[in-house]
Structure formats: structure tokens, C-alpha cells
Amino acid sequence: MTDSYELLPDRYNATDVEERWQQIWERERAFLGATISRDGHDTVRSERPKSYVLEMLPYPSGEIHMGHVKNYTMGDVIAHHRRRCGAAVFHPMGYDAFGLPAENAAIRSGEHPSVVTQRNIARIRVQLQRLGFAIDWDTEISTADPEYYRWTQWIFVKMFERGLVERREAAVNWCPVDQTVLANEQVLDGRCERCGTDVELRQLTQWFLRITDYAQDLLDDMALLEDWPERVLAMQRNWIGRSEGARVMFSTEDGDHEIPVFTTRPDTLFGATFFLLAPEHPLLGTLVEGRPESSAVMSYARAAARASLAERSATDKPKSGVFTGRYVINPINGAQIPVWVADYVLMDYGTGAIMAVPGHDERDFAFAQQHGLPVRRVVAGPEDAADTPLVEAAYVGPGRMVNSEFLNGLEIAEAKGAAATWLSEHGIGEATVGYRLRDWLISRQRYWGVPIPIVHCPNCGPVAVPDTQLPVLLPEVDDYAPKGQSPLATNAEFLAVSCPSCGADARRETDTMDTFVDSSWYYLRYTAPHLSSAPFERELADYWLPVDQYIGGVEHAVLHLLYARFFTKVLHDLGLVGFREPFARLFTQGMIYRDGAKMSKSKGNVVSPDEIVGQYGADTLRLYVLFMGPAADDIEWSDRGVVGARRFLDRLWSLTRAVGPGPLAPRPSAAALVGSPVSLELARRAEATIAKVSSDIGERFSFHTAIAAVQELVNACVRHQAENGSAEAHGPDVLRYAIQTAVSVLFPFAPHVTCELWESLGGERLWEVAWPTADAELLVRDQVTLVVQVNGKVRDRFEAAAGLEDDAVLALVRDRPKVIAALEGKEVIRDVVVPDRLVNFVVK
RNA sequence: GCCGGAGUGGCGGAACGGUAGACGCAAGGGACUUAAACUCCCUGGUCCUUCGGGGCGUGUGGGUUCGAUUCCCACCUCCGGCACCA
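Note that this is a predicted model, so its numbers are computed, not measured.

Asker: Pulling in residues and values, what's your account of the environment of N13?
Answerer: Inspection of the secondary structure assignment puts N13 in the segment before α1 (14–27). For the pair formed by N13 and L545, sequence separation is 532 residues and the distance between their alpha carbons is 40 Å.

Quick look at the structure:
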């Protein structure tokens, strides 16, 4: 029968091998056919445990880069491993196809954005296929497909109906280069996340999703996230920025207006010596109308409005402000305090107004110094008297209340509670919680995005487009260059519509949605990629979701990952899904650097995956990107390292060729190897490798150590072969078994070449072969290396039988010449024996 | 300032209280070759050495422990997030 197994070619030709297996996988539909919702078809769910393995979908900006390769290889390794462990694996792929880069490229080349996008998608698909990823291509989706964005619009409408969509005027971030507004999450250090331009603040009417309604849920449900990196959770916590405090109502001195403030220090209410309004505060104009201060105040407010975000949020500049000539009454003691306008007070946090307590707040202290306002102490630290003046700085440390009537003597924490109680009893405030998180601004004045499905009716106001009229198709326009208003507004036919509610002549909304909306629910659509009656079906969504393992870049910590969590919560509350979190486990991979910088075209330090695949093969590239170092760390690319990965595959190839064609060798039994310690050692190594690789992939995400373990096994095989020849003279063929084991567990990393080697070794369909489990009997060692320490320093080491009693070990150890020498003239006051490991003598 | 993460050979890194430096890269020596590349073998933290070994070594200083890269405390440095958020 040996004749039916073919001898491997003497050289490993990666291109031949990879093309061959990619064709076989395609022909056999090896990785297709996960259970998904299909129109009118019953779906049968697997009896096996499910596993949804997902990597963040690529943005089709041209081609994939090394970061994608690493991301998708990790997912592929996990998917392969779980599949072979018996799970029903779902591993889909799609494209985040709307967005500015495609549109900008289109503007440059004169092509339609959809043409550019289609071409990029086709290119990326080929690249992914060449890398041999085991993706369920039957479920491939594009967020720019009308059959997809129809449901993006549908979800938007559901949110609109639920009151989670709001159109309102606000000071919003405007990018003068991209000519569109941006969400808070898309502004980094006052600059546009995409193009780096300084962001301006503009007062505009825009569409918002009320993510702030879910601020507390987003915090609380972190408890449901089993295995998210601490830093991502920390970033989200920071971003949401919960702080406990109180809402307190102040009234103007004439009693005409009430102005609420939010404070985290209600305990210091007696220390409020002035009152500040944000320049955008809606009451500001009314308060100063007809007063001599009016023109100074209003021109200050206008100047603040013109400042860029960076100028406005600089913390090091002096605290500017203008007195309004008005006063408010501090409700706790009736004190009349002056009202100023100051640009360090932000309209979109709290209420846009604050009570200033210069004695115990650094910013208020600086403002008071600047403008000669009184400072009043209401907290005394351990060293302070009630009347110790505050001249240098505000006191923000612990202490007891002073100069605060009924709060005097209380600790700060007690005083906060007492003040809140007093406020609610008197109906002028209550304990409350503030969040840093802002509502999600989703409208964009750009072409290549999902049209917001709203009709503006002169009678009914904004009306949602009914389900039956979805999708609102992205219209053709002559010019999609950004002009500060949406290019959709130039299409008269698109614009004119009758109101779905009253039939009157109306006008369509012309803004498109932020592309982060598209990617906030794509992981659900994969479960029903072709379904025409609904975005997905709850039953199957509940079956596959939450995603068991999500993998992507940490740069989405407060963007995509926060938005997707928000969407899932909304869909849950709409009764559309039965879970509250989309991604149970998250792994964030590190970036790949080169020459100390992120790879980018402008720096000219890009290594193209295609080049490496062409030169060394996809398997080498896959192996190398995971061998580089811990998957979570940022790592420097090394051209030499790639060569090392290829060398390893070459060595495995020659070794496999040397033992000749199949059939597969059975796992040897420990008993059969009793007479051959060398073979027993090799068999043991094979079992140890199985155990190591299984836990490194399955539990630790430590891919580089898994690969190193296989390398050790292969090295041992090479040595064994050099010393003992390719075939066992008698007894079980342990070398063959060890090579098979290496090939089998290396499969998730380098699937093509291992399938080829496996076939030559006499096996078939390696992707379906059950993942091996280590033989416990073989793993047990009969010989161990014992280490002898004296006062914790290693003095001797030797081989001994395993499982010896402590007394027997001590007897052996005391006879060792090195030990005798090391203990010479010393008194042993204690000995510690760790079975099968070491002996430590404590001496004087 | 607050919150997270990390500091180990020439380099990427390994070791989840028990042999520090697995695996790989680069380097040096050797074999093969007319030569070179490829490949294979050997060496390799550092200092001392009578070549048997010995001292010192995981950012710094303490602590816990028979024993600490690992646990605890303080500090230093680097990376990331937040930051006029009341």
C-alpha cells in the first residue's frame, strides 16, 4: 500500500502548494455552510457547541496591510483550532465600504466612489484568499450594499421611533478639510482623526444618537465582558467619565430666572463666591439685555465661539471671563454672588453653568486670582484653622467642613450627603450623576455614506421614512466634492418628496451617516447576510451571538467598540436580540512597526503582504506575523525574521521527505517504548508539544510560544533522525509519529504546507482531523532533573528516578560530591524538598 | 494631575513562587564549495578562573519566602488613554 503515497518534491515550492490547497478547499467547500438565516429556508443548527470567531472588518482603502494579516491570521488560527476541537465555527468576512477615503480617491480620479470601492473589495478578497484564510465566503457582506444599508436605515428609524435620535443645534466639531462635522470620538487632541486638521467649533443643527442614555448601562455591563483587555475597559471608563454630584438650582437676584448647576462638591456650597456661565449658555443674552455690560459680554461670547477646539480647551492659558453685571442667589445661605461668563465653562457638560468655589477648586481659584474675586475657606485640612487664609492655591485635600453652618465639623463625604439631603428637602436640588460622554453626532455632509432616512415636512417636522420605502437609495450626483453641505442636496429629484405622514410637499434629509453606524451592527447581519425580510432573525442571532472571540486594533476602544456595544443594547431593548453585549471576549492586537514608525506610504516603510507571499509564501508570512512576539504587543517588523520562518518550514519539509511517504504511524504506547529511552523521550516531547500548543492557542493567545514549541519538536526530530536514521529498526515508528504531530498542530498557522505534508505522511483532510489531546500516560516522566540548592543557590543538578520519597531524595543528594563540598563545614538548619524538582539546604 | 500597561542578552522575546535567557534573528568559529550563496555542525549574559569551577546578573530601593523575573510597598523611566468635565 505504501506505493499509493507520493514522495514529496525535494524542494518546497510554496506557490504550488498554496494554489493547490486553496483550490481543494474551494472545491470541497471546506469552510462554508455555517447556519445562517435564509429567505424561506429552514435552518438546522449544529449539535456541536458553537463558536463565533470574528475579526474587525476591513475598510477597503486599496489593499490590506500587515496589521490586517496579523489580525486575520490570529482569527484564522483560533477558528481552525476550534473547528478541529469539534466546535461549529462561524468565521465570516465583510467590508466597511462607505467612507471618506474611497470618496476622496474618487474625487481625484473622477470615478464613482462605488467603482473605486468595488475594485478595492475585489482586490482585498483576492489577497485574503491568497493568504488561505478559512472564511465563510457565503456570508460576505458590504456595508455599502443597498441590501445592507437598507437595514442600517431601518435600525435608525427604530431608534428614531424610540426617541433615541435627536436633531438639535449644538457647538459641533467641524473639519475644514474634510468639510464635514465629526463625532467627539473622532477628534484627537483637537484634530481630525482622519486628516489631522485642527477642528473648528461650529454652531450647527445636526443629528445625534442618544448614546448618553446608555452611559450607565455601558458601564454596568462591563461586568458581562469576560475577557476584555484592562486597558480597553479603562479607556471606555475614562471616556464615559462618570462622576457623582448634585444638581443645584440658583435663581437670579430678581427672581426671574432659575439656572441649574452640576457640582461634584455640594459640600462646598457655602464656599461659592461667584457663578459662571458658558459663553454659549442660552440665558446669557437675556441676562445682559439692555445693560451696560451687554456689548462686552456678547463680544466675549462671540470670540469664544470663533476659537478652535484646541484654543478653547488649552489648559495653560489664563482664565478669561467678563462680569455680566448680574447676580444669583446661593440657595443654601441666600448670599448674592456675581455672575460672570467664562470660556472654561463648557456648554455640553453638566448644565453649562457652574457655582465657583475658588477655595477648593484649582480652576476657580485661578479665575478668582485673575479677576480679584473673593476666596472663602469651607474645608479645613488637619493643619488648618477655620480662618487660615487660602493665598497660594485651592485646598483640595481631605478635611472637615468649616464656615458652613449646619455642615460644620463633618468630613467631606458626610457633608456631600448632608448637603444633598438638605437640597432635596428644600426642593432646590438633588444628588445626581454626570457623564463626560457626549451624544453621538452621526450626520455627515458627505456623499459616500448611508442617506439618513428622514423627510422634512413643513407641517409635521422631521418624519421617518416608512419601512416599506426603505432603502432610501444613495442618489446619483454630478459632483460629490465636499462643499460644506451634503452633495445629495444638489440632486433635485432626490430632494423633492411628499411627506409620508401628511402628503405635503417635503424635502429629504441630505446628510449621510457616520460610517461607524454601519459597522455598529454588521456582526449581526453575518447571521442573515441575504435575508430580505429583516436585518437578521432573533433566533439565529441569539444562537451565534455574542461573538465568542473578537479580534482587532485597540484604536477602536472608544469608537467602534463603544458604538457597537451601544447598538446591541438598543436592539436588546427593542426586543430584537436577547443579549446585551455583542463581544464576549475581545483581543486587541499590537501594531507592526518598521524603522521605529507605524508603516505608512508617506514614510515609505511599508512591507507589502503580496511581496512576502510571492517571495516566501502565505504560510511563511502567517507564521512570521504570529512568531514575531506576543500578539498583543507592538512589534518591529524584521525582514530577517521572515527568512527564519521560511527556514523552519523548509526544515520541516526536508524532514518529512526524509521519512518517506505514508501511511500514518499510530500513537506509540508507553509500554512499547520501555526498551528505547531515546524514542520514549521523543514521543514524550510530541505529547508535551500537543499540550503546550493546545493551551497556548486555546487559553493563552500566546501564538509565538506555540510556534516555538513546534520548532523545538521539529529540532528534536531532526536530531533524532541524524542520530538514529529515518526508520525505526524495530518497534513503533516514533520519529514518524513525532513529525505527524508537529505537522498536525502547526496546521492552524501554516495550513497549506501542513496539508501537503500530512497527505504525504498518509493522512487526508487535515482541516477536519480531530485536534489531538496529549496522552497522559506518555506525558509522565520516569526520569527527572533534580536541582540541589544551598541557601537558594544552585550547586548541583542530576538525573534521578521520578516519584521518589523525600527521604530517598535526600539520601541521594547527600552522596553527591558537589553537594558534600558545598556543605563542607556548614550546619544544615533546614532542608526543603520539592518532589521531582529540587532540594534546598538552608545552612549557617 | 488621574487611569491603564510595560521595563530580562547585541535584537524580538521565554520562564503564571522552584534550573533565568526556551524559540528565533543578528554575530563568531568550522564543514561543504574553484569561490560565494544555500545548507549543516559548534560557541555564545557578564566578570574572574589553576578550566574543576566561582562571583555578579531580570529598571532602582525595601519587604514577604527555604527560594522572587514572578507576590507586596515605595520610587525611576518609557508607552497608551483622559484632562478647564465643575
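Still more ground to cover, so stick around.
Asker: Tell me about the protein's contact with RNA strand B, and name the residues and values.
Answerer: As a matter of local geometry, RNA strand B sits amid 54 residues, with T264, K319, R363, R640 and Q711 nearest to it. In RNA strand B, atoms within 4 Å of the protein come from the sugar-phosphate backbone in 67% of cases. Here a base nitrogen of RNA strand B sits 2.8 Å away from a polar atom, N or O, in the main chain of L346. R436 places a side-chain nitrogen or oxygen 2.4 Å from a phosphate oxygen of RNA strand B. Broken down by class, the residue content of the surface near RNA strand B amounts to 21 nonpolar, 14 polar and 19 charged.

Asker: Can you break down the pairing of strand β11 (residues 258–263) residue by residue, with the values?
Answerer: Judged by how many residues are buried, β11 sits mostly within the fold: five of six residues are covered. Taken together, the six bridges between strand β10 (residues 242–252) and β11 define a ladder with antiparallel strand orientation. Pairing of V248 across the sheet is with V261, part of β11.

Asker: Account for the side chain of K569, with residues named and values stated.
Answerer: Position of K569 among the secondary structure elements: in helix α17 (residues 560–573). Only 2.7 Å separates the side chain of K569 from the side chain of D221, close enough to count as a polar contact. Among the polar contacts listed, one links the side chain of K569 to the backbone oxygen of R580, at a separation of 2.9 Å.

Asker: Please give an account of the sheet that holds strand β19 (residues 440–441) that cites residues and values.
Answerer: Spatial ordering of the open sheet is given by β6-β5-β9-β19, a layout of four strands whose pairing is antiparallel. Each of the sheet's edge strands pairs with one partner strand only, and the pair in question is β6 (180–182) and β19. Relative to strand β9 (residues 200–209), strand β5 (residues 165–175) runs antiparallel, the two being bridged by ten bridges. Bridged to E166 within β9 is F208. Docked against the sheet, helix α5 (residues 146–161) engages β5 and β9, running at close to 90 degrees with respect to β9.

Asker: Go over empty space enclosed by the protein, please, and point to the residues and values.
Answerer: One way to see where empty space is left: roll a probe the size of a water molecule over the atoms. Within this structure, the stated rule accounts for two cavities of 30 Å³ or more. Lining the largest cavity are 22 residues, and of these L100, R194, R444, D514 and T515 sit closest to its centre. The set of elements that each furnish at least two residues to the lining of the largest cavity consists of α3 (100–109), β6, β25 (512–513) and α14 (515–518). Looking at the lining of the largest cavity element by element, the count peaks at three residues for α3.

Asker: Got a sec to walk through the sheet that holds strand β27 (residues 586–589)? Specific residues and values, please.
Answerer: The parallel open sheet is built from four strands, whose spatial order is β2-β1-β26-β27. One side of each edge strand has no neighbouring strand; the edge strands of this open sheet are β2 (88–90) and β27. Each neighbouring strand pair of the sheet contributes to a mean axis angle of 20 degrees, computed without reference to strand direction. Sheet topology places strand β1 (residues 50–55) next to β2; three bridges connect them, and they run parallel. By the bridge assignment, K50 is partnered in β2 with A88.

Asker: How would you summarise the packing of aromatic side chains if you had to cite specific residues and measurements?
Answerer: What the rule picks out here adds up to 39 aromatic pairs. With a centroid separation of 5.8 Å and 40 degrees between ring planes, the pair formed by F323 and W340 is classed as tilted. Within this pair, whereas F323 is found in strand β13 (residues 322–329), its partner W340 is found in strand β14 (residues 336–341), the two being separated by 17 residues in sequence. Seen from their ring centres, Y447 and W448 are 6.3 Å apart, and the 20 degrees between their planes marks the pair as stacked. An identical accessibility class is assigned to Y447 and W448; each is buried. Ring pairs connect the aromatic residues Y214, W440, F516, Y563, F566 and F567, which therefore count as one cluster. Its guanidinium or amino end placed over the ring of Y344, K319 lies 5.4 Å from that ring's centre, counting from NZ or CZ.

Cut-off values and rules
Residues numbered from 1 in each chain as written. Chains lettered and ligands numbered in written order. Predicted model: local features only at pLDDT ≥ 70, side-chain atom pairs only at ≥ 80, totals over all residues. Heavy atoms only, no water. Helix = DSSP H or I, 4+ residues; strand = E, 2+ residues; numbered from the N terminus. Near = heavy atom within 4 Å. Polar contact = N/O pair within 3.5 Å; in protein donor to acceptor, adjacent residues only side chain to side chain. Nonpolar A, V, L, I, M, F, W, Y, C, P; charged D, E, K, R; others polar. Buried < 20%, exposed > 50% of the residue type's maximum accessible area, 1.4 Å probe, protein only. Pairing = 2+ DSSP bridges. Contact = heavy atoms within 4.5 Å. Axes fitted to C-alpha atoms, helices over the stretch in contact; angles between N-to-C directions. 1 Å grid on protein atoms, 1.4 Å probe; cavity = no way out; pocket = protein on both sides within 12 Å on 5 of 7 lines; lining within 4 Å. Points joined across faces, edges and corners; volume = space filled by probe spheres on them. Phe/Tyr/Trp six-rings, centres within 6.5 Å; stacked < 30°, edge-to-face > 60°. Lys NZ or Arg CZ within 6 Å of the ring centre and 35° of its normal.

Everything listed is a geometric property; what it means functionally is a separate question.
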